[in-house]
Amino acid sequence: MRIAYLILCHMDPKHIKRLTDKVTNSTGDEAFVHVDGKCDVKPFEQALKANSHVHILNQRVCVYWGGYSSIEATVNLLKAAISFFWGTRSVRILLRRIR
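Residues numbered from 1 in each chain as written. Predicted model: local features only at pLDDT ≥ 70, side-chain atom pairs only at ≥ 80, totals over all residues. Heavy atoms only, no water.

Chemist: Got a minute to help me understand the overall build of the chain in this structure?
Modeler: A count of helical and extended segments in the chain gives three helices and four strands. The secondary structure elements of the chain, listed N-terminal to C-terminal, are β-α-β-α-β-α-β. A total of 99 residues make up the chain; the buried ones form 36% of that total. Long-range pairs, those at least 24 residues apart, make up 71% of the contacts in the chain with a sequence separation of at least 6. A total accessible area of about 6,400 Å² is found for the chain, and carbon and sulfur atoms account for 55% of it. (Helix = DSSP H or I, 4+ residues; strand = E, 2+ residues; numbered from the N terminus. Buried < 20%, exposed > 50% of the residue type's maximum accessible area, 1.4 Å probe, protein only. Contact = heavy atoms within 4.5 Å. Areas by Shrake-Rupley, 256 points an atom, 1.4 Å probe, with all protein chains shown as cover.)

In structure tokens, the structure reads:
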């Protein structure tokens, strides 16, 4: 069973790289990453470019805590995963809250 991992992030590209490498290396699974629209995407692109199983969304949303924007970003991740491959039976949404 192939899994689509959905990741919402706004910081720490090195951590996101470690996470995506862990869930995609030798698994056949895919990771879809939404980088907050308020953040510079270039460090994430640089960190994740070597892994062909990681897809950074082009349609980015400025996410505000507690607002509809987080739902919109999640829906965009779901749409990207579904359009990438229809045969997925499982989707995992990975969230990390930084204090």
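What follows continues from the structure just given.
Chemist: Sorry, what's going on with the packing of aromatic side chains here?
Modeler: By convention here, two paired aromatic rings are described through the distance between centres and the angle between planes. Under the defined criterion, the tally for this structure stands at one aromatic pair. One cation-aromatic arrangement involves Lys38 over Tyr64; the distance from NZ or CZ to the ring centre is 4.4 Å. (Phe/Tyr/Trp six-rings, centres within 6.5 Å; stacked < 30°, edge-to-face > 60°. Lys NZ or Arg CZ within 6 Å of the ring centre and 35° of its normal.)

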